[in-house]
Every structure is written in C-alpha cells, then in structure tokens.
Amino acid sequence: MAYQTIKGMYDIYGDKYRYFEDIDTLFKHFADLYGYRMIKTPILEYTGVFKKDNDTSDMVTKEMYTFTMNGSDYLTLRPEGTAGVVRSFIQNKMYGGELPVKLAYIGEMFRHERPQKGRQRQFNQLGIENIGHKDPLIDAEVIAFGYFFIKTIGLSSIKVCLNSLGDNESRQNYLQALKEYLQPYSQELCHDCQERLAKNPLRILDCKIDSQRDFVKDAPKMIDYLNEASRNYFIKVQQYLTALNIPFEIDENLVRGLDYYTDTVFEVKSTHEESGAQSTIFGGGRYDNLVKEMGGPDLSGIGFAIGEERLVILAQAEGILQELKPGIDCYVINMLDDDPYALEVLNILRANSYSAETDYYHRSMKAQFKSADRKGARFIVIVGEDEKKTATVTVKDTLNKNQISIALSALIDHIDEMMGEEDE
Ligand code: HAM
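Thresholds applied
Residues numbered from 1 in each chain as written. Predicted model: local features only at pLDDT ≥ 70, side-chain atom pairs only at ≥ 80, totals over all residues. Heavy atoms only, no water. Patch = residues over 30% accessible without salt bridge, like charges linked within 9 Å, V, L, I, M, F, W, Y side chains within 5 Å. Areas by Shrake-Rupley, 256 points an atom, 1.4 Å probe, with all protein chains shown as cover. Salt bridge = Lys/Arg side-chain N within 4 Å of Asp/Glu carboxyl O. Helix = DSSP H or I, 4+ residues; strand = E, 2+ residues; numbered from the N terminus. Buried < 20%, exposed > 50% of the residue type's maximum accessible area, 1.4 Å probe, protein only. Lys, Arg positive; Asp, Glu negative; His and termini not counted. Charge placed at Lys NZ, Arg CZ, Asp CG, Glu CD. Pairing = 2+ DSSP bridges. Axes fitted to C-alpha atoms, helices over the stretch in contact; angles between N-to-C directions. Contact = heavy atoms within 4.5 Å. Core = buried A, V, L, I, M, F, W, Y, C linked by side-chain atoms within 4.5 Å. Phe/Tyr/Trp six-rings, centres within 6.5 Å; stacked < 30°, edge-to-face > 60°.

Trainee: Explanation requested: a nonpolar patch on the surface in the structure shown.
Mentor: Together, Leu44, Phe67 and Met69 line one region of the surface with nonpolar side chains, adding up to about 240 Å² of accessible area. Here methionine 69 is to be found in strand β3 (residues 65-69). On the basis of relative accessibility, which here comes to 42%, the residue methionine 69 falls in the partly exposed class.

Trainee: In this structure, what is going on with a negative patch on the surface? I would like to understand it.
Mentor: A grouping of Asp337, Asp338, Glu385 and Asp386 is seen on the molecular surface, where their side chains present a negatively charged patch. Here aspartate 337 shows up in the loop between β12 (330-334) and α11 (341-351).

Trainee: Explain the sheet that holds strand β16 (residues 403-407) to me, please; I cannot follow it from the model alone.
Mentor: Pairing between sheet strands relies on hydrogen bonds along the backbone, with the strands arranged either parallel or antiparallel. The strand order β13-β12-β14-β15-β16 describes an open sheet built from five strands, whose pairing is mixed. Only two strands of the sheet have a single partner each, and these edge strands are β13 (356-358) and β16. Strand after strand, the sheet turns through a mean of 25° between neighbouring axes, direction not considered. Of the pairings in the sheet, the one linking β12 to β13 comprises three bridges and is parallel in character. Among the inter-strand pairings, cysteine 330 is bridged to a residue of β13, identified as alanine 356. Strand contacts of helix α12 (residues 365-374): β12, β14 (379-383) and β15 (392-397), with the helix running at about 170° to β12, the strand carrying the most contacts.

Trainee: Would you mind showing me how to read the nonpolar core here?
Mentor: Proteins that are soluble and globular tend to have nonpolar side chains buried together. In this structure, Phe149, Ile150, Leu155, Ile306 and Leu311 are the most contacted members of the largest nonpolar core, which totals 90 residues. Among the elements that line this core, the one with the most residues is helix α4 (residues 136-153), at 10 residues. Apart from residues lying up to four places away in sequence, leucine 155 is in contact with Ile150, Ile281, Leu311, Leu314, Ala315, Glu318 and Ile320. Of all hydrophobic cores here, the second largest spans 22 residues; its members include Tyr341, Leu346, Tyr354 and Val393.

Trainee: So what exactly am I meant to see when it comes to the packing of aromatic side chains here?
Mentor: Two measures describe an aromatic ring pair: the distance that separates the ring centres and the angle between the ring planes. Per the counting criterion, the structure on display carries 17 aromatic pairs. Summarising the aromatic geometry, the rings of phenylalanine 30 and phenylalanine 149 are spaced 5.6 Å apart at their centres and angled 75° between planes, so their arrangement reads as edge-to-face. Of this pair, phenylalanine 30 sits in helix α1 (residues 14-34) while phenylalanine 149 is found in helix α4, placing the two residues 119 residues apart along the sequence. Phenylalanine 149 carries the same exposure label as phenylalanine 30, and that label is buried. Within the aromatic cluster, the residues linked to one another by ring pairs are Phe27, Phe30, Tyr34, Tyr36, Phe145, Phe149, Phe266, Phe282 and Phe304.

Trainee: When you look at the pattern of salt bridges in this model, what are you seeing that I'm missing?
Mentor: Here the idea is simple: oppositely charged side chains can pair when their charged atoms come close. A full pass over the atoms with the stated rule returns 18 salt bridges. Measuring nitrogen to oxygen at the nearest pair gives 2.6 Å for the salt bridge that ties arginine 213 to aspartate 210. Here aspartate 210 falls in the buried class, since its relative accessible area comes to 0%. Here the salt bridges share partners, and the residues they tie into one network are Asp58, Lys62, Asp192 and Arg196.

As structure tokens, this is what we get:
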C-alpha cells in the first residue's frame, strides 16, 4: 500500500503553496515596517525548553511530540515558537544590546491534538516576540502589528478580545481566591480539573468541559483582583488601542492555553461561519517570568502567533486569496521538432525575470493554446519554422488580443513595454 501522510499532517502544494508564500511575504514586510528581524530556531529542542516544573497546559502535558535519543537526551518537536526564541535570546546574550529585542518567525509547529478543520498536528505559525522591556506602548504596538496584518490581508469578520492576568502579586491573590471558591465544587469537576485545582486553577477556566458549568462561569474574575499597578497598566493598553482605532472587547474569561502569561493577554477571533470551532486566528500576551525561568535575566517579553492554516482557510472563505495573480507571464508554443529554438526563447525570458513555460508533448497548436490558457499566461510566444528561419517570434498579448511578429532580440523590450502600460 502506498504511504499516506501522518494523521493531522498535510502536504501544501499548488495554489495553496502560493497563498502561504504570499502571506509569508506580507508578514516579512510587516516585520520590516515594525522593526522586527527574522529569526529561525531549530524545530527540535531539548524538552526542557518547553516543559517547566509544574506545567499544567494541555500543550505541554499532553500534546508534545517527545522522544529520547541514546536513552538520555529528551527532545521535543517544537509545539510553539516563543520558548525557542527566548532560549535563543538567552543563549546568544541578545540582552547585551539595545532593548527590547524584536524578533519575528515563520515555521512549523507540532501538537498531538485531535485533528479537525483548522486544527492540525503539524501547522505553521507566524509569530513575533518583543523581549527586554515592559511598557503598555509595546503591548499596544504588538497587538497593532497582528491586527493590521490581518486587516491588510483583507479579513473583515474579526474581533479582538483582551484581558489582563495581572502581575505576579495580583495573580497570586486571584489564584488563592479562585481555589477557595472552587474547592467546594471539586467533586463536580472533570478528572483533569480536579488535579488543576491544586496546581493551577486558572486552567479550569480554559477547560473545554468545565468552563461551560455555571459555577465556573460565576467564579471570581481576575479583573477584580488586579492591583493598582496592573489595573493602570491594563487601562493604558486599552487607551493606546483606542488611539490606534483598534476595536476590542474585554473578555474576562480569556486566560490563554499556555502557562507563561502575565498582565496583557489577547486573542483575535474570526466571526466568519467557516471558522467553526477553531475561530482563534491568533493569540498572545505578555510574559514577565519566562526569560528568568529559562535561565536568563529578569526581563519581560510579549508576543503573538498567528495560525497560518487558519488564516488561509478564512481568506479562502472570504474569497480574498483567489484574487492574487495565479498565472505565468509567458507560454511558449513550440511548433518545432528536435530543435532548441523554443528552449533559447524560454531561456531569454527567464533570464529577464519573466516566468515562462512550454509544451513537452509536441501537441497541436490548439492544444498548446489551451494549455497556455489553463496556466493563465499573459503572453503567448509562438515559435515555428518561419520564426526560426527569420530569428523572430510571434507574440500574442492575451489582454488586448494583439498579435505581432518581432525579432527575437526585441522580445524583452516589447514585453517590458506592454507590462509597463498595464501598470499605468
Ligand atoms: P497559541 O494560542 O497556542 O499561542 O497558538 C497561536 C495560534 O496558533 C492559535 O491562535 C492558532 O491560530 C494556531 N494554532 C495553535 N494550535 C494549532 C493547531 N493544532 N492547528 C492549527 N493552528 C493552530 C502560542 O503558540 C504562543 N506561542 C503565542 C505567543 C507568542 N505568545 C507570546 N508570544
């Protein structure tokens, strides 16, 4: 039997590959606009990079692809980008230069989740991390990067959800209150949440089963436990977002699925029907403790990651990506047998940065015209016996249907001119 991809993992090819490339290009452009430098970290890291003592997130406790090499090194396929970037920030002593350090990444992540639409076991994230300084201006700017990126792609039905998990002091007070409130209901919680109650009751608010129970919905809210510093910080973030005309709503139950967050957390969701259960396009937040916990200096960071597959699904559903130019520049119709003239023409086109394809089957002119049409060629360049003898080509412009015969040496000037007219 022929091999198939592993469950939850997919090939990306054809038009879809192009959509990913176009999104990557726009993301890199945004990174430039906002002053972020691209970084590539290894896909495989020591397990400890992701797994901290007392971790309670599903991602770390249940979903990581972890294995051992030589019986001693525990290695994990990265489930997310933040921890690897922070590891690199520390290892390469980036904190020695000007802070904050602003890094952006694009790459594959791996989580052993139950696959469904918009949820894969291998997926791509576009992310940024801003590490080394804490100021509400930075929080607002990070959210603005993600928000305006999604808007520039053209997605219309999105909403920004915002919450604060408070600084360490606020959170400790809140966790204590939450624990005391939930304790009497402990027997009604699911098996996992009974454990979470002792370790990190915040996770119960995020549990797919228990978050739906009325007594969990009525639990104390983090926002009421913010100390003055955290409350003022959160208010400033909101003021800055308003100044940037970014609409948002406060979601008091937004806690995020990972353990490292403090203060500002956010998610951008799609309200389009196609997004189904996996409506979060991107999420992120501030992390005051992660850099120190991983052995670095006591510096705060903030970032987000966008799920690229989800973005493509939604952009397709909203009919955005299909509008991107899918065709080639030139199709060379080759009516010669055993002759390299068509190859020379192709070579000239490609050397001048025009994408060009031809026929490999010696088919009829009609069949080749059809093929050119299927490939969305802007120009059709015909070469036959006459053209070869006179060192010319026949060029048809598929936009205005004009057809002319010109010297091969004039081909590029002619196409340049036609393309130039199109841009005007
Ligand atoms: P996250 O919320 O776990 O955050 O993932 C970010 C985004 O990745 C999600 O909103 C979703 O679009 C996408 N995603 C997550 N899991 C899957 C999956 N199984 N299939 C498809 N897409 C998925 C993080 O990963 C944090 N590192 C974000 C961050 C950066 N926080 C601070 N800095």
